[in-house]
Amino acid sequence: MPIVPVPNPTFAQKLKRFFMVDLLKGLAVTLGFNIGALTDRDAVAGKGIYTEQYPRVRPDVAPRFHGAPRLNMDPDTHETLCIACNLCALACPEDCIDVIPMDVEVVVAGKPRRKKVLDEFIFDTSRCMFCALCQEACPTYCLELTQDFELATYSRAGFVWNREMLEQGRETVKYEA
Amino acid sequence: MTEFALAAPTIVDNLLLKFFSEQTVNYVIWPFIQIGAVVTITALWVAYATYLERKISAFIQARLGPMRVGPWGLLQPIADGLKLLVKEDFIPENADRWIFFVAPYIAVVAAFVVMAVVPFGPDWAVITDVNIGVLFVLAVSSVGVLALILAGWSSNSKYALLGALRSSAQMVSYEVSMGLAIIGALMFARTLSLSGIVSAQASDSIWFLLYQPIGLVIFMISGIAENNRAPFDLPEAESELVAGFHTEYSGFRWSLFFMAEYAAMVVVTAVATTLYLGGWYFPFVYRLTEARGHHTAYVVVSLIAFLAKAGLLLYLYFWLRWTLPRFRYDQLMDLGWKWMLPAALINIVVSALAVTILQGLNGFGGMRTIESTTNGLNLTATGKGIAIAIGIANLFISAGVLSLINWRSRDFNLKKQRRQIRLVDLPKGKPAIAPDQLKIAN
C-alpha cells in the first residue's frame, strides 16, 4: 500500500485543533442563522428565512418565467383576439397546439363573404415545454404564456386545455394572505 | 392582583386546614398538589420542547418551521398529540406482547420520577429533598436503559434489536463518566442532597461551574450521549436502523417513548443546572426579595431563574444536534472510554487536590481559605480565587493528560490517519507509483 506523504500540520494548525476552533466555528454559523432568522429580514443578503409560506404567499417568479397559456381577449368587446391564422401551431416544436377554425358568413360592403374565425383551441400542456415560440409567432398578441405555475391535475386529460380554459383561466384554490 | 397571586398559597393552605388536620395537609395534600403541578408542567414543557426543537432546527436551516396550527404554529404539539392518540396501536406478529406493552411505560416513569427530587426552587418548589438525591437521580435514570432493551427485544425486529443493543452499550459506557463527573462537584458541596448542593452554592454566592468547568463539559456530553441525542444518536440512526429500538412502535406507545426522550433531556438539564449552574440560586435575588419580606416572590423568581438556566442548557441540545454530524460507532466508544472516562478521573484527582490544597493553606501564614464546612465547603474570597484558578488550570491539565494518553492510540490517531491516504485496491508489494514521484495537488 503506497503511502502518500501529507505535510505535517503547522504549529498554528495544531493550536487550532487543540482549541477546537472548527467546532466553535460551526456552532457560530448555526447560532448566527438562528439569530438571523429571528432578527434579519433580508434573506438573500443576510441570514433571514429563505422559505415562503407557499399557499398563503405566492412566490415571485422571474420576469421571463413562462407558465400557463392564455388566450387574450379584446378588453372592450370581450371577443377573442385570435384570428385563427394557425401560426402558433406551426411554430410549436412540440406540436401541442391545435387551432380549429370555422367559416362564418359575413356581409362586407353589401356582398356576402366567408370569414375564417376561431372555433376551438386545443393546448396540450403535458407536451408543452414552455418555450413561448407560439407567443412570439402570434401576430395579434392573443396567445400568451402567463406567470401562473399551478398546472397539476388529477388526470392526463386534465392537461389538455380547451378554448374556454385558455380564455377564462383554470380555477385554483386561492388562500388568504 | 399580584398581591393576591403571591398570597395564594397561604390562602389555599388556610382553606385546606379547615377540612383536614395539619399533618394531612403538610404530608399528603400539598405533596399531591406539587406532584400534579410538576407532572403537568413537565409534560407541557416536553410537548413544547418538541415545538422548540422543530422551530430552532428550522431557524438554523433558514426555514420557518411549523406555522399553520395556531399563531406561529403554537398549537402544533397539541395537533401532533391528538394525531398520535388516534393512530393505530400496532403490535407486530410474534412480538412479546406483555413486554411490548410495558416498555414505554417504564421509559416514561423512569424519566418522570427523577423530577421528584429536583429542586426547582426554594421552600415549596421542591417536592421532596432526599439526602441521597444524586444517587437517586443516577439510579432511576439508568432504569431507562431497561425500557430500551425490553422494547428492542420484544419487538421481534432486527432493527429494533440492533438499536436496543447499541443504545444500551452507549448508555452503560457513558453512565460511568457521568457518575464520575459529578464527584468533583460533590467534593465542594459535601452532600448528596440536591437541595443541599444548591444551598452550598447559594451560601457561597458562587456557581460550581467556576470550580468545575470540565465537570460540566463531561456531564453535558455524557448526558447528551445518555439521551441518545445527536451527535450521539446512533441507536436511532435512520440510514442504518430505521428508528432504532422504537421502530415497531406506533401511535400512543411511540409518543410515550418520544415523551420519555424529551423528559430525560429535561432531567439531565435540570440536574446539570443544580450541580453546576447554582440551581435556583441567582445573585441578588435573595437580597431583593426574601430579605425584604417577600417570601413568595423569592420562590417564584428563583423558580424562573432555574427554568431559564435549564432552558439555556436545553437550547445547547438543539444547537449541537443541528450543528454536528453523527459519530461513527468506534468513535463514540473511543470518546466514551478513552476521553470522557479519563477526563472524569483527572477531574476527581484535581478536585481532590484542590480541596486538599485549600485545607492545607487554611491557617498557613495567616491565610484563610475555608470559612466553614457547615453548608458545603464555604470558601473565603482567597479560597474561591484558588479554587477557580485550579478549575481553569484543570482544563489544560486534562487536555494535556488526555493527549498524552491517546498519543499512541491506534484507532484515534488522527495524525497518522491524516498522513496516510490508503489506496485500497492496489496489490501489495511494489508500489504502483513511487512515493517520491507522486505529486499532490494542494
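Data block above holds the structure.
Here the structure is a predicted model, which is why all the values come from computation and not from measurement. (Residues numbered from 1 in each chain as written. Chains lettered and ligands numbered in written order. Predicted model: local features only at pLDDT ≥ 70, side-chain atom pairs only at ≥ 80, totals over all residues.)

Asks: Summarise helix α2 (residues 21–39) of chain A; cite the residues concerned and give the values.
Replies: Residue and element names in this part refer to chain A. If you check α2, its first and last C-alpha atoms are 26 Å apart, about what 19 residues at 1.5 Å a residue would give, namely 27 Å. Regarding α2, the residues found buried are T30, F33, N34 and A37. Along the long axis of α2, the arc covered by the buried residues comes to 95 degrees, so they all point the same way. For α2, the exposed residues lying more than 90 degrees away from the buried face are L24, K25, A28, I35, L38 and T39. (Helix = DSSP H or I, 4+ residues; strand = E, 2+ residues; numbered from the N terminus. Expected span 1.5 Å × (residues − 1). Buried ≥ 20, exposed ≤ 12 C-beta atoms within 10 Å, placed from the backbone. Arc of directions from axis to C-beta.)

Asks: Before we move on, could you go through the environment of D74(A) and cite the residues and values that matter?
Replies: Residue and element names in this part refer to chain A. Here D74 lies in the loop between β1 (69–71) and α3 (87–91). Assessed through the 11 C-beta atoms surrounding it within 10 Å, D74 is described here as exposed. Placed 68 residues apart in sequence, D74 and C142 show a C-alpha to C-alpha distance of 9.0 Å. Beyond its immediate chain neighbours, meaning those up to four positions away, D74 contacts E79 and L81. (Contact = placed C-beta atoms within 7 Å.)

Asks: Give a detailed account of helix α9 (residues 213–226) of chain B, specifying residues and quantitative values.
Replies: Because an α-helix packs 3.6 residues into every turn, residues spaced three or four apart end up facing the same way. Residues and elements named next belong to chain B. With 14 residues, α9 should cover 20 Å at 1.5 Å per step; its first-to-last C-alpha distance of 20 Å lies within 8% of that length. Considering only its buried residues, α9 is in contact with α6 (158–189), α8 (208–211), α11 (251–276), α13 (295–321), α14 (329–361) and α15 (381–405). N228 sits one or two residues past α9 and shows a positive phi near 55 degrees.

Asks: Now, about the environment of T380(B): what can you tell me, with residues and values included?
Replies: Residues and elements named next belong to chain B. Along the polypeptide, T380 turns up in the loop between β2 (378–379) and α15. Among the residues examined, T380 registers 17 C-beta atoms within 10 Å and is labelled partly exposed. Residues T380 and I370, spaced 10 residues apart in sequence, show a C-alpha to C-alpha distance of 5.7 Å. Contacts of T380, omitting those with residues within four sequence positions, involve R368, T369 and E371.

Asks: Before we move on, can you summarise the pairing of strand β2 (residues 97–108) of chain A with the specific residues and values?
Replies: Residues and elements named next belong to chain A. Two strands pair when backbone bridges link them, and β2 and strand β3 (residues 111–124) are joined in this way by 12 bridges, in the antiparallel orientation. Across the sheet, V108 pairs through a bridge with K111, a residue of β3. With antiparallel pairing between neighbouring strands as the criterion, β2 and β3 make up a hairpin whose turn holds 2 residues, including A109 at a positive phi of roughly 55 degrees. (Pairing = 2+ DSSP bridges.)

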